[in-house]
Amino acid sequence: MSEHNNIEDLADLYDNAPCGYLSLSSDGHIVKVNRTLADWLQHPPTALVDRPIHDILSFGGKIAYETHLAPILLMHGSVGEIALDLLDTEQTKIPVIANAAECRAKTGELLFTRLTLFKAADRLTFERSLIEAKVKAEQRALVERKAIEIRDQFVAVLGHDLRNPLAAVAAGTRMLTNSGHLDARDQMIVHEMDASLKRANKLIDDVLDLARGKLGGGFALNYKKNQDLRPVIEQVVTEILVVADDREIIIQLDVGDPVDCDPDRIAQLVSNLLANAVRHGAPDQSIVLAAHKTPKELIISVTNGGEPIPANAIGKLFEPFARGKALNSNQGLGLGLFIVDEIAKAHGGRMIVTSKKAETKFTFQMPLKKRAG
Amino acid sequence: MPLKRNNVVVSGQGDQAMIFAHGFGCDQHMWTEVARAFESDFRVILFDHVGAGASDLTSYDDQKYASLDGYASDVVEIGQELGLHGAVFVGHSVSSIIGALASIQAPEMFSSLVMVGPSPRYIDDNNYDGGFSEAQIEELLDFLAENHLGWSAAMGPAIMGNPEKPELGEALTKSFCATDPAIAREFARATFFSDNRADLPKISARTLVMQCKNDIIAPEYVGEYVHAHVPNSEYVLLDATGHCPNLSAPAKVIEAIRAFV
């Protein structure tokens, strides 16, 4: 082969390139088109010259061209990767991807707009399937969200409605206790019934808190100014000791001036932490409840001895329905720490847990000044 | 809130304000060159409709923006925020109707209205010739639903500066005329299915209808229809072709606006 034959024939490259070439005049008329494109459109190239670009665009493509592409071209001089539909003589759509660039004279006058076109039928099919998948996923997410909402509402209603029969049973045990006719065995049975009622009510409280949180209400706080936390915390300890009278709780309270907080929620937080310490701590070791203030923070901690929490469980402690490995009837739903964490967050604070051989410690830290928002 | 939502940009100086509104398919940058010419005499205001340009996409509400009234109430809110009174509203394409609706909602806000390529209704109806059939508009919506390439913000980096107009190059946001494809489709639906013929006689602002030749979106006879039905209106046929004279023939647009105001 001679060297001459290796030189690319540019005229042939233009005409028979594996893509369409199209040049438009400044007023959008076709001035030149290559054979490849003319063949796609089933026209002789000469039949296309002098016709407006609109003649070979689908209606949608035409409007997109006028409202979107033409302005971009006028502003930027070029635009890439644009989807258009061409129309052949039988009005069949040919999806293409187009790049376009203006060719201007030195004076700035627009001479031509050049377009390079690639067929994109497969690509369009793929894009269609992506769009379909997206629409389907969005619909499915919507259905699932609705189902979850209904379930949470159901839980909230169920929890609420369970309170009434429980209140009736509690009234009954109270009447029995007050009747004065109970022998020692009867009193023990009624006492156990009361303890079970308390547990049942606690479970309902937890479930309602969870459902409310999930329903978007979040942990609504009833913020009160200047709350003295000492009586609040002491009351919680008294209640815990009623059901755990064999345990020792050492109280180190140094809370000083009153703080702004939701006292009922703080009581709930402390109660949950103490109940956990009673449940999971070594029975022969004291539980330490400490509270103090730094210039900026209120810090409350509950420490118990016994087996440490496994390292792999620590990260999930504050998730709802997380439970330790030991399952027994005394255990709750695993919502206690989740609620503790939510109360901490609602106060602008946080929970910290450390668990070593000697002791496990849950610490609540909250800023004394409520953060904005 | 409305100023951030609609990416409102204020420049220029003057007692009277001139607010420019872009049409379907683009954003405020299509007015850059024309608007600049008025900065010495007017307080110039540019903005993006929600869903376009650098507007706050999270403000997009498909119910509100299902009709042009939603867009018009945004214009009124911007006007209230900026304390506009007796301002000039310049709207391109569908925004000329949005401006008309805003001026009907708040007549003191706009004393003059410039409508560039307006159409009160795109679809033919009995004796009315809008230039489009309903089937064609459905085809457009199908096209927009399926052809996302070229609309999304991702195309930004592919756009290169124009060496002939360096001032337009780098300064421009990369998202020029980019929009969420789904929102573009809904804007197209609100635009091309709109029928605001009954609103034209309610326009009290003095109005200039600016029309181009060979405009496939808003043909000359539609511009003439608007002129015939807006009480206090003037009509000018620009010596320019296509739908975007603010880009293809900015000098002629500037001249026509100047003569009018």
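These figures come from a predicted structure and were not determined experimentally.

Q: I would appreciate a short explanation of the overall build of chain A in the present structure.
A: The secondary structure content of chain A amounts to ten helices and twelve strands. Within chain A, the fraction of its 373 residues that count as buried is 26%.

Q: I would appreciate a short explanation of the packing of helix H5 (residues 134-146) of chain B against helix H7 (residues 181-192) of chain B in the present structure.
A: Helix-helix packing is characterised by the crossing angle of the two axes and by the distance between the axes. Residues and elements named next belong to chain B. Contact pair H5 / H7: the axes reach a minimum separation of 9 Å and the direction vectors enclose 170°. It follows that H5 is roughly antiparallel to H7 by the angle criterion. Contacts between H5 and H7 involve Ile137, Leu140, Leu141, Leu144 and Ala145 from the former and Pro181, Ala184, Arg185, Ala188, Arg189 and Phe192 from the latter. Of the residues contributing to the contact of H5 with H7, the split by class is nine nonpolar, no polar and two charged.

Q: Help me out: how do you make sense of the sheet that holds strand E7 (residues 233-241) of chain B in this one?
A: Pairing between the strands of a sheet comes from backbone hydrogen bonds, and it takes one of two forms, parallel or antiparallel. Residue and element names in this part refer to chain B. Ordered in space as E1-E3-E2-E4-E5-E6-E7, the seven strands form an open sheet in which the pairing is mixed. Two strands lie at the open edges of the sheet, namely strand E1 (9-12) and E7, each paired on one side alone. Neighbouring strand axes in the sheet, compared pairwise and without regard to direction, differ in orientation by 20° on average. In the sheet, strand E6 (residues 206-213) pairs with E7 via six bridges, with the strands oriented parallel. When the bridges of E7 are listed, Lys213 appears paired with Thr241.

Q: Teacher, can you tell me more about the interface of chain A and chain B here?
A: The extent of an interface is frequently quoted as the accessible surface area lost upon association of the parts. Listed per partner, the contact involves 34 residues of chain A and 35 residues of chain B. Taken together, the elements giving at least two residues each to the side of chain A that touches chain B come down to helix H4 (59-76), strand E3 (78-87), strand E4 (93-104) and helix H5 (121-179) of chain A. Sort the elements by how many residues they give to the side of chain A that touches chain B and H4(A) lands first, with 16 residues. Of the residues belonging to the side of chain A that touches chain B, the class tally is 14 nonpolar, twelve polar and eight charged.

Q: Whenever I open this one, the packing of H4(A) against H5(B) confuses me. Can you help?
A: Contact pair H4(A) / H5(B): the axes reach a minimum separation of 7 Å and the direction vectors enclose 75°. Here H5(B) runs roughly perpendicular to H4(A), going by the angle between their axes. Counting all contacts with H4(A), which are made through Phe59(A), Gly60(A), Gly61(A), Ile63(A) and Ala64(A), the residues of H5(B) involved are Gln136(B), Glu139(B), Leu140(B), Asp142(B), Phe143(B) and Leu144(B). Within the contact of H4(A) with H5(B), the residues separate by chemical class into six nonpolar, three polar and two charged.

Q: I'm lost on unusual backbone geometry in this one. Help?
A: Excluding glycine, most residues fall at negative phi; most peptide bonds, likewise, are trans. The backbone of Gln42(A) sits at a positive phi, close to 60°, despite the residue not being glycine. In this structure, Gln42(A) sits in the loop between helix H2 (35-40) and helix H3 (45-48). Of note, Ser93(B) is a non-glycine position whose phi angle comes to about 55°, a positive value. Structurally, Ser93(B) is set in the loop between strand E4 (87-92) and helix H4 (94-105). Ser93(B) sits in the buried class, given 28 other C-beta atoms within 10 Å.

Q: Even after reading the chapter, I still don't get the sheet that holds strand E1 (residues 20-24) of chain A, so can you show me in this structure?
A: All names here are of chain A. Spatially, E2-E1-E5-E4-E3 is the arrangement adopted by the five strands of the open sheet, whose pairing is antiparallel. Two strands bound the open sheet, and with one partner strand each, they are strand E2 (30-33) and E3. The mean inter-strand angle of the sheet, taken between neighbouring strand axes irrespective of direction, is 30°.

Q: For this particular structure, what's the right way to read the environment of Leu48(A)?
A: Residue and element names in this part refer to chain A. Looking at the secondary structure, you find Leu48 in helix H3. We classify Leu48 as partly exposed; it has 19 C-beta atoms within 10 Å. In sequence terms Leu48 and Val33 are 15 residues apart; their C-alpha atoms lie 7.5 Å from each other. Apart from residues no more than four positions distant in its own chain, Leu48 is found in contact with Ile30, Val33, Ala38 and His43.

Quick notes on the rules
- Residue positions are counted from 1 within each chain, in the order its sequence is given.
- Chains and ligands are labelled sequentially in the order written, the chains with letters from A and the ligands with numbers from 1.
- Local features are withheld for residues below a pLDDT of 70 in this predicted model, meaning they are given only at 70 or higher, and side-chain atom pairs are given and counted only at 80 or more; totals for whole chains, interfaces and linings count all residues.
- Strands are runs of DSSP state E lasting at least two residues, helices are runs of H or I lasting at least four, and both sets are numbered from the N terminus onward.
- Residues with at least 20 neighbouring C-beta atoms inside 10 Å of their own are called buried, those with 12 or fewer are called exposed, and the rest are partly exposed, where every C-beta is derived from the backbone.
- As a rule, the C-alpha atoms of each element are fitted with a line to give its axis, helices using only the stretch in contact, and angles between N-to-C directions run from 0 to 180 degrees.
- If an angle is under 35 degrees, it is roughly parallel; if it is over 145, roughly antiparallel; if it lies from 65 to 115, roughly perpendicular; otherwise it is oblique.
- Contact definition: two residues whose C-beta atoms, as placed from backbone geometry, lie within 7 Å.
- Charged residues are taken to be Asp, Glu, Lys and Arg, nonpolar residues to be Ala, Val, Leu, Ile, Met, Phe, Trp, Tyr, Cys and Pro, and polar residues to be all remaining types, Gly included.
- Pairing between strands is defined by DSSP: at least two bridges between the two strands are required.

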